[in-house]
Amino acid sequence: MTAGSDAPAREARVDLDAVRRNVAAIAERVRPAEVMVVVKADAYGHGAVPVAEAAIDAGAAWLGVADLAEAFALRDAGITAPVLAWLHAPDAPFVEAVVRDIDLGISSADQLELAARAAGEAGSTANVHLKIDTGLSRNGVPPEQWEAVVAAAAEHERAGRIRVRGVFSHLANTSPATDAAQCAAFEHALAAASAAGLEPDVRHLASTAAALERPDARFDLVRIGIGTYGVSPYGDGRTAADLGLTPAMTLRARVVAVRRVEQGTGVSYDHTWHAERATTLALVPLGYADGVPRQASGRGEVLLAGRRRPVVGRIAMDQFVVDVGDDEVAVGDPVVLFGDPATGAPSADDWAAAADTIGYEIVTRIGARVPRTYPEPA
Ligand SMILES: *Cc1c(COP(=O)(O)O)cnc(C)c1O
């Protein structure tokens, strides 16, 4: 580990090589199914465009995003790979989506009609993936409307207005039994689509959690978000390393102040922590504005001066305090909040445990004040 005296005060370093390795490892594991890498929410905080490019490099066949603004940003950056967007406001710009060759996830009869009309306006064909709700009860066509929607889609397809390129659904990842019930409901929906005359190129159901452990959920394509970033989809203590994945993001900063305090000194807002004996405290310039969860006050740990050290007292908006005992630390020393545990650092999943949340939220909420940097592999 190098201190790097020119290192920024704070940064989220994103190792695109780790992204490539994670995508390639998952692609290998799910073959012959293909991989869609999900880059919504700025690639879970990692930077949508660089991650998308790395993912395509590593063999991803598709990119997935939530809304069309995210899809257009990929096209603006010159990315030409197939892109699917699946969450649309009623006035979403479907015409522009057709013109810019974005595939539309379709979750209702109304959306199907809007897609068909947009195709007419664009003088082209809308590529759509029909989404069936198999039990997440969030988005997707309700099962009782599925037959009518696939019949309407088949009619639009015959008229050349739309092409049903995909049929998909999303799992609740609740238990093996609910996953199995959703797989069965998905098969049923596929049979109905087929009976209506639809021949989708890609049938897709699994996100990272099921893609890694349920071959029966892989179909033609898996949608991989969190696994791309080397964070665990499971809340059960299995680490990225257990899954053969490498954390891509390292959240780091440099110590901005060091002070020696007497026994009994109260630290940070509300004095929720007092020094049990004389000790040395280091100040880290990251806080909840940067996505460091206040919930992890007194519970999170960082890597500093070769060891994991506890966060003490409340995490504030811009800063928090670490107890280093009697060890030597200096202003400017590097601090790693999370990264690859192979380096001795905590993981994003460790911070999630400290904040009673999931690793997804830890990486995705890293704030705009923290620059994302992309070091060249050594
Ligand atoms: C976010 C999302 C995914 C990716 O899920 P991970 O658990 O991050 O792999 C896949 N499909 C849909 C519909 C999503 O919204």
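For clarity, every value in this text was computed on a predicted model and none was experimentally measured. (Residues numbered from 1 in each chain as written. Predicted model: local features only at pLDDT ≥ 70, side-chain atom pairs only at ≥ 80, totals over all residues. Heavy atoms only, no water.)

## What to know about the site of the ligand
Close to the ligand lie 13 residues; K40, Y44, T208, I226 and Y360 are nearest. Here an oxygen atom of the ligand sits 2.5 Å away from a polar atom, N or O, in the side chain of Y44. Between the ligand and the protein, one listed contact pairs an oxygen atom with a side-chain N or O atom of T208 at 2.5 Å. Here the ligand, which alone exposes 390 Å², has 94% of that area covered by the protein. Only α2 (40–44) and β9 (221–224) provide two or more residues apiece to the shell around the ligand. (Near = heavy atom within 4 Å. Polar contact = N/O pair within 3.5 Å; in protein donor to acceptor, adjacent residues only side chain to side chain. Areas by Shrake-Rupley, 256 points an atom, 1.4 Å probe, with all protein chains shown as cover. Helix = DSSP H or I, 4+ residues; strand = E, 2+ residues; numbered from the N terminus.)

## Here we look at the pairing of strand β18 (residues 334–338)
Counting buried residues in β18 gives 4 out of 5 residues, a clear majority hidden from the surface. Relative to β18, strand β10 (residues 249–254) is paired through 4 bridges, and the arrangement is antiparallel. For R254, the partnering residue across the bridge sits in β18 and is P334. Where strand β15 (residues 301–304) meets β18, 2 bridges bridge the pair, whose relative direction is antiparallel. Its bridge partner lying in β18, L303 is registered against V336. (Buried < 20%, exposed > 50% of the residue type's maximum accessible area, 1.4 Å probe, protein only. Pairing = 2+ DSSP bridges.)

## A short note on helix α4 (residues 68–76)
Of all the positions in α4, only L68, A71, F72, L74 and R75 are classed as buried. End-on view of α4: buried residues confined to an arc of 155°, all on one side of the axis. Opposite the buried face of α4, by more than 90 degrees, sit the exposed residues A69 and D76. For α4, the elements touching its buried residues are α3 (48–57), β3 (62–65), β4 (83–85), α5 (94–99) and β5 (102–106). The opening residue of α4, the one whose side-chain oxygen lies 3.2 Å from the backbone nitrogen of A69, is D67. Positive phi appears at G78, one or two residues downstream of α4, with a value of about 90°. (Arc of directions from axis to C-beta. Contact = heavy atoms within 4.5 Å.)

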